[in-house]
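Structural overview for review
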Amino acid sequence: MAASGIDTLIILGAGGDLTSRLLLPGLASLLGSLRSQQLQLIGVDRAPMTDARWQALVEKAFSGTPSALAG
């Protein structure tokens, strides 16, 4: 049986400080090293968050900008 990769990752507590400061930048680094890996990233949090806000949070963390929650 061939090994299958992970194609979807669900982050619980997606709006939290640790997610933006540590988890997302680490994930960006991992995905950068696996150039052919495609991943659907789903964020879930107790606090309301729009899709646009989640996408902005991920983009900011992936760009290496410190403190993705600032602003």
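Just above, that's the structure.
Presented here is an overview of the structure given in this document. (Residues numbered from 1 in each chain as written. Predicted model: local features only at pLDDT ≥ 70, side-chain atom pairs only at ≥ 80, totals over all residues. Heavy atoms only, no water.)

An α-helical turn contains 3.6 residues, so a residue and the one three or four places further along point in the same direction. Between its first and last C-alpha, helix α2 (residues 51-62) extends 16 Å over 12 residues, near the 16 Å set by a 1.5 Å rise per residue. The inward-facing, buried residues of α2 contact β1 (8-12), α1 (17-33) and β2 (40-44). (Helix = DSSP H or I, 4+ residues; strand = E, 2+ residues; numbered from the N terminus. Expected span 1.5 Å × (residues − 1). Contact = heavy atoms within 4.5 Å.)

So, on to the side chain of T19. Mapped onto the elements of the fold, T19 is located in helix α1. Residue classification places T19 among the buried positions, given a relative accessible area of 6%. When sequence neighbours within four positions are dropped, the list of residues in contact with T19 reads I11, G13, A14, L24 and P25. (Buried < 20%, exposed > 50% of the residue type's maximum accessible area, 1.4 Å probe, protein only.)

This part covers the environment of A47. Relative to the assigned elements, A47 resides in the loop between β2 and α2. The sequence separation of A47 and A14 amounts to 33 residues, and the corresponding C-alpha distance is 9.4 Å.

Counted at 1.5 Å a residue, the expected span for α1 with its 17 residues is 24 Å, and the 24 Å between its end C-alpha atoms agrees. At L23, α1 is deflected by roughly 30°, the largest bend along its length, and proline P25 occurs up to four residues later in sequence. For α1, the set of buried residues is T19, S20, L24, L27 and A28. Looking at the buried positions of α1, the neighbouring elements they touch are β1, β2 and α2. (Bend = angle between axes of the 7 residues up to and from the residue.)

For the rest of this paragraph, the subject is the nonpolar core. In terms of nonpolar packing, the biggest core is built from 9 residues, these being I11, A14, L24, L27, L41, W54, L57, V58 and A61. Listing elements by their share of this core, those giving two or more residues are α1 and α2. No other element matches α2, which puts 4 residues into this core. When sequence neighbours within four positions are dropped, the list of residues in contact with W54 reads I11, A14, L24, L41, I42, G43 and M49. (Core = buried A, V, L, I, M, F, W, Y, C linked by side-chain atoms within 4.5 Å.)

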